[in-house]
Every structure is written in structure tokens, then in C-alpha cells.
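Residue-level structural notes
What follows is each chain in one-letter form.
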Amino acid sequence: MATTPVNTFQVGWAALYARAHNQASPALIQKWLRVSPEQANALMGELVNQNIIKVPIAGSAAAVQPMYPGGGVPGMFGKTKKAVETAKDILDTLVEEDEADEPIETICETTFEGSTDVTS
């Protein structure tokens, strides 16, 4: 059985993505690099041979030296939950303040050809 050829650039990009995401699988490599399933499998094999990823278990493998071992970019994604909570609190406060205000009466007296006056 002949192996599918892969080039150095493909291996480099696959290694970068695997280390940045701390995972790799043929499906992910195929998506990341837009290669054929055969090339994705060949790239997985090359990443294992170069000790960039561990031996795959159930088709997926973790990086040997991930860029972000904690699962994300340091100092950035850990604050996402706090930012969402703060935004929710602000929106809740605005809604409460809006509900406390007196209702605004709107009157539309604009007429268009063929229409009648609308008052609400």
C-alpha cells in the first residue's frame, strides 16, 4: 500500500494547529488544511512520528507540548465568563429601569397615499 505524500508546509501547519488546540484528528486536519482524508491520515502519522502528538486514541490525539496547556490563551478566555455575567447584569439593570419609567405615548399622524391616519 502506497503512502500519501505530504509536504513540509502541511506538516508544519498541522503541527501548529495541533499544538494551539491541544488536539488533532484526521477530521480536524482535513478541516484545518483542506486536504483529502488520505492526506489527513498521512499527516496524523507524520505528527506522531515527529512526536508532536501522542498516539491517537479513538482517532483523536493530544499534543505532546501544547501551546496553552490550560486550554486557552492565558489572560484572555478566562475572563469570558466574567464579561458575560457583567453584560447580563447591565442589561438586567437597563430593563428594570426601562420598566420603571412611565410608558411613552406615541402618536403617528403620517398619512401615505391610500392609507388612513393611524393613532396608537
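For clarity, every value in this text was computed on a predicted model and none was experimentally measured. (Residues numbered from 1 in each chain as written. Predicted model: local features only at pLDDT ≥ 70, side-chain atom pairs only at ≥ 80, totals over all residues. Heavy atoms only, no water.)

**A closer look at a nonpolar patch on the surface**
Taken together, the side chains of Phe 9, Trp 13, Leu 16 and Met 67 make up a nonpolar region of the molecular surface, amounting to roughly 430 Å² of accessible area. Topologically, Met 67 is positioned in the loop between helix 3 (37-49) and helix 4 (80-100). (Patch = residues over 30% accessible without salt bridge, like charges linked within 9 Å, V, L, I, M, F, W, Y side chains within 5 Å. Areas by Shrake-Rupley, 256 points an atom, 1.4 Å probe, with all protein chains shown as cover. Salt bridge = Lys/Arg side-chain N within 4 Å of Asp/Glu carboxyl O. Helix = DSSP H or I, 4+ residues; strand = E, 2+ residues; numbered from the N terminus.)

**Describing the nonpolar core**
Within the largest apolar cluster, 16 residues are counted, with the highest numbers of intra-cluster contacts made by Ile 29, Leu 33, Val 35, Leu 43, Met 44, Leu 47 and Ile 53. Those residues in contact with Val 35 that sit more than four places away from it in its chain are Gln 10, Ile 29, Gln 30, Ala 40 and Leu 43. (Core = buried A, V, L, I, M, F, W, Y, C linked by side-chain atoms within 4.5 Å. Buried < 20%, exposed > 50% of the residue type's maximum accessible area, 1.4 Å probe, protein only. Contact = heavy atoms within 4.5 Å.)

**Regarding the packing of aromatic side chains**
Inspection of the entire model under this criterion finds 2 aromatic pairs. Ring centres of Trp 13 and Tyr 17 lie 6.1 Å apart, and the angle between their planes is 35°; on these two criteria the pair is classed as tilted. Here the residue Trp 13 and the residue Tyr 17 both occupy positions in helix 1 (residues 8-21), the gap between them amounting to 4 residues, near one helical turn. For Trp 13, a relative accessible area of 46% corresponds to the partly exposed category. By relative accessible area, which is 26% here, Tyr 17 ends up partly exposed. Linked through ring pairs, Trp 13, Tyr 17 and Trp 32 together constitute an aromatic cluster. (Phe/Tyr/Trp six-rings, centres within 6.5 Å; stacked < 30°, edge-to-face > 60°.)

**Re the packing of helix 2 (residues 26-33) against helix 3**
Between helix 2 and helix 3, whose axes approach to 8 Å, the crossing angle comes to 110°. With respect to helix 3, the element helix 2 is oriented roughly perpendicular. Regarding helix 2 and helix 3, the two cross each other, and that crossing is right-handed. Counting all contacts with helix 2, which are made through Pro 26, Ile 29, Gln 30 and Leu 33, the residues of helix 3 involved are Pro 37, Ala 40, Asn 41, Leu 43, Met 44 and Leu 47. Among the residues making up the contact of helix 2 with helix 3, the classes are represented as 8 nonpolar, 2 polar and no charged. (Axes fitted to C-alpha atoms, helices over the stretch in contact; angles between N-to-C directions. Parallel < 35°, antiparallel > 145°, perpendicular 65-115°, else oblique. Left-handed = near helix turned anticlockwise from the far one by under 90°. Nonpolar A, V, L, I, M, F, W, Y, C, P; charged D, E, K, R; others polar.)

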